[in-house]
Amino acid sequence: MRIISLCLVLLSLQFVRPAVCSATSHTDAANTTQLREGNTSHTDAANTTPKTTVSTSPILTGADQMNLYLPLLRGKNVAIFANATSVIGNTHLVDTLLKKGIRVVKIFSPEHGFRGEADAGAKVGNQQDPATGIPIISLYGPKDKPSPSDLEGADILLFDIQDVGVRFYTYISSMQKYLEAAIENHLTLIILDRPNPNGFYVDGPVLDTKYRSFVGMQPIPVVYGMTIGEYAKMLLGENWASPSDSITKAAATTAATFRLIVIPCKNYTHKSRYALPVKPSPNLPNMQSVYLYASLCLFEGTSVSLGRGTTKPFQQFGHPSFPNTGYNFTPQSLPGATSPPQLGRTCHGYDLGQDDAEQATGNQWTLKWVLEAYRLIPDKDSFFLRNGSGFDRLAGGSTLRQQIKDGLSEDAIRKTWEPALSNFKAIRKKYLLYAD
């Protein structure tokens, strides 16, 4: 059964409005960042689009603005979804909260684990953080959502993870599951928003929901141009969050209240270029890889290496059967990529690490490298792995794979996804916290 409107189950939605990012006086700026406690309806809150203006001031993440959320945490038992990117300056958020006297009782971790060291796709088990002794519950392994027993003793949930703004990067799927757990257990969820490093464009095919998986749960394009706080708003506003029907019905018979509070970034817009202070996962070591990731990750569904197991993952691609152009690399077993594709084999290919990534991609999701790789590989039947199932999950459907096999040009392929992309862009605008 499709989820009942969140309004009907007595869930209230609450957002912190973003600061006006303009060159205001210190007093005016302080006034614009005060927490606003308006009891907005679900519909009104989801459709509110606060305005921001461009600022030359440093970008502040939600986590940086402790005055906005520490008062909400004091005296409560806090469960936090975090990883190695959850930092304030050079200090981890968990350590900062503990020093501020906040009771952190549980930590939840996504793909790559709490410290961000596990391989892509590797299942991560529960453990105890050696630095703090706090139990860590993995949500990338046997389960992807906190159970009621996991949340026992928690009064409020906090989420702070740096995303990269690409559909198949699994942190947004983890956030959705965490959000659904908050709804099911009648808890407040605070999202400390962070800039989207790929938030300055929107592109790619929209996912066909018949191909839903943890690398693509919703009908959004590959590059969707939203922060994780904006995306959470859209999940609720479009009724895409799906708490279990039995728990939703129970909530409708009680006065239990769910609240979402987004602590927005300051001095950020969707035109901003934001350099990540911490690598978001082991194989995205620098901004070059972050910018190229969206276009190169399709190679994960093929026999082509994109540089995992080298010092330049997501900055090169190659295959042993490609013509030898003079650029070669050999994947090895390395931390974060212990069994990379083409392990120990010399791959002939192309180095993208020296290019200007924005210029190379044209600030769009480009297929040129995948199309060229398919052209170069002698054995076309070996290009797509597992009959194309992995590639289809990444692409959001089987259409793109067939278009590549049929020899369509990038321009021709692009025209086929434009109608759905335009429709998504209209939906997206309803939930933006920051100016485009």
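For the structure itself, look to the data block above.
Report on the accompanying structure.

Reading the values: the criteria
- Residues numbered from 1 in each chain as written.
- Predicted model: local features only at pLDDT ≥ 70, side-chain atom pairs only at ≥ 80, totals over all residues.
- Heavy atoms only, no water.
- Helix = DSSP H or I, 4+ residues; strand = E, 2+ residues; numbered from the N terminus.
- Buried < 20%, exposed > 50% of the residue type's maximum accessible area, 1.4 Å probe, protein only.
- Contact = heavy atoms within 4.5 Å.
- Areas by Shrake-Rupley, 256 points an atom, 1.4 Å probe, with all protein chains shown as cover.
- Phe/Tyr/Trp six-rings, centres within 6.5 Å; stacked < 30°, edge-to-face > 60°.
- Lys NZ or Arg CZ within 6 Å of the ring centre and 35° of its normal.
- Pairing = 2+ DSSP bridges.
- Axes fitted to C-alpha atoms, helices over the stretch in contact; angles between N-to-C directions.
- Parallel < 35°, antiparallel > 145°, perpendicular 65-115°, else oblique.
- Left-handed = near helix turned anticlockwise from the far one by under 90°.
- Nonpolar A, V, L, I, M, F, W, Y, C, P; charged D, E, K, R; others polar.
- Salt bridge = Lys/Arg side-chain N within 4 Å of Asp/Glu carboxyl O.
- Polar contact = N/O pair within 3.5 Å; in protein donor to acceptor, adjacent residues only side chain to side chain.

Moving on, we get to the overall build of the protein. Scanning the protein for helices and strands turns up 13 helices and 12 strands. Taking all 436 residues of the protein together, the buried fraction comes to 58%. A separation threshold of at least 6 residues defines the contact pool for the protein, and within that pool the share at least 24 residues apart is 76%. Carbon and sulfur atoms make up 51% of the accessible area of the protein, which totals about 16,900 Å².

Under the defined criterion, the tally for this structure stands at 21 aromatic pairs. Between F81 and Y178 the ring centres are 5.0 Å apart and the planes differ by 85 degrees, which places this aromatic pair in the edge-to-face class. Remark: Y178 occurs in helix 5 (residues 171–184) and F81 occurs in strand 1 (residues 77–82); sequence separation between them is 97 residues. Residue F81 is classed as buried on the basis of its relative accessible area of 0%. One aromatic cluster is present, built from ring pairs that chain together F168, Y169, Y171, Y293 and F314. Across from the ring centre of F200, 3.7 Å away, lies the NZ or CZ of R273, which sits over that ring. A cation over an aromatic ring shows up here: K380 above the ring of Y374, its NZ or CZ 5.3 Å from the ring centre.

The next subject is the environment of R386. By the secondary structure assignment, R386 is in the loop between helix 10 (368–376) and helix 11 (389–395). In this structure the C-alpha to C-alpha distance between R386 and G301, which are 85 residues apart in sequence, comes to 8.3 Å.

Take unusual backbone geometry next. Of note in the backbone geometry, N267 takes a positive phi value of approximately 65 degrees without being a glycine. Here N267 lies in the loop between strand 9 (259–263) and helix 8 (287–296). Using a relative accessible area of 8% as the deciding quantity, one classes N267 as buried. Its identity as a non-glycine residue notwithstanding, N363 has a phi of 50 degrees, on the positive side. Relative to the elements of secondary structure, N363 occurs in the loop between helix 9 (357–361) and helix 10.

In this section: the sheet that holds strand 6 (residues 135–138). The strand order across the open sheet built from seven strands is 5-6-4-1-7-8-9, with neighbouring strands paired in mixed fashion. Each of the sheet's edge strands pairs with one partner strand only, and the pair in question is strand 5 (127–128) and strand 9. Where strand 8 (residues 188–192) lies against strand 9, five bridges are found, and the strand directions are parallel. Bridge pairing in strand 9 links I190 to I261. The sheet strands contacting helix 5 are strand 1, strand 4 (103–109), strand 7 (156–160) and strand 8, and the helix crosses strand 7 at an angle near 170 degrees.

This next bit is on the packing of helix 5 against helix 6 (residues 228–237). Packing of helix 5 against helix 6 brings their axes to within 11 Å, and their N-to-C directions diverge by 55 degrees. Classified by the interaxial angle, the pair formed by helix 5 and helix 6 is oblique. Like other packed secondary-structure pairs, helix 5 and helix 6 cross with a definite hand, here right-handed. Along the contact surface, helix 5 presents Y171, I172, M175, Q176, L179 and I183, while helix 6 presents I228, Y231, A232, L235 and L236. In terms of residue class, the contact of helix 5 with helix 6 is built from 10 nonpolar, one polar and no charged.

Before going further, it helps to examine the pattern of salt bridges. Enumeration over the complete set of coordinates arrives at 13 salt bridges. With a closest N to O distance of 3.2 Å, E180 and K145 form a salt bridge. Of this pair, E180 sits in helix 5 while K145 sits in the loop between strand 6 and strand 7, and the two are 35 residues apart along the sequence. A relative accessible area of 2% means that E180 is categorised as buried. Between D203 and R414 there is a salt bridge whose closest N-O contact spans 2.7 Å. Pair noted here: D203 is in the loop between strand 8 and helix 6 and R414 is in helix 13 (residues 410–429), with a separation of 211 residues, a long-range link. R414 shares its class with D203; the two are buried. Where salt bridges share partners, they join K145, E180 and E184 into one cluster.

Strand order in the open sheet formed by three strands is 10-12-11, and the pairing between neighbours is antiparallel. Single-partner strands in this sheet number two, and they are strand 10 (316–319) and strand 11 (328–329). Two strands pair when backbone bridges link them, and strand 11 and strand 12 (residues 347–351) are joined in this way by two bridges, in the antiparallel orientation. In the strand pairing of strand 12, N328 is matched with H348.

This part is about the side chain of D203. Classification of D203 as buried rests on a relative accessible area of 4%. Within the structure, D203 has its side chain in polar contact with the backbone nitrogen of W365 (distance 2.9 Å). Polar side-chain contacts of D203 include one of 3.5 Å to the side chain of W417. Beyond its immediate chain neighbours, meaning those up to four positions away, D203 contacts P221, V222, V223, Q364, W365, R414, W417 and L421.

Let us look at the pairing of strand 1. By the criterion of burial, strand 1 is predominantly enclosed, with five of the six residues buried. As paired elements, strand 1 and strand 4 share five bridges and run parallel to each other. Bridging from a neighbouring strand, I80 pairs with I107 of strand 4. Pairing geometry for strand 1 and strand 7, over five bridges, is parallel. Bridge pairing in strand 7 places I80 opposite L158.

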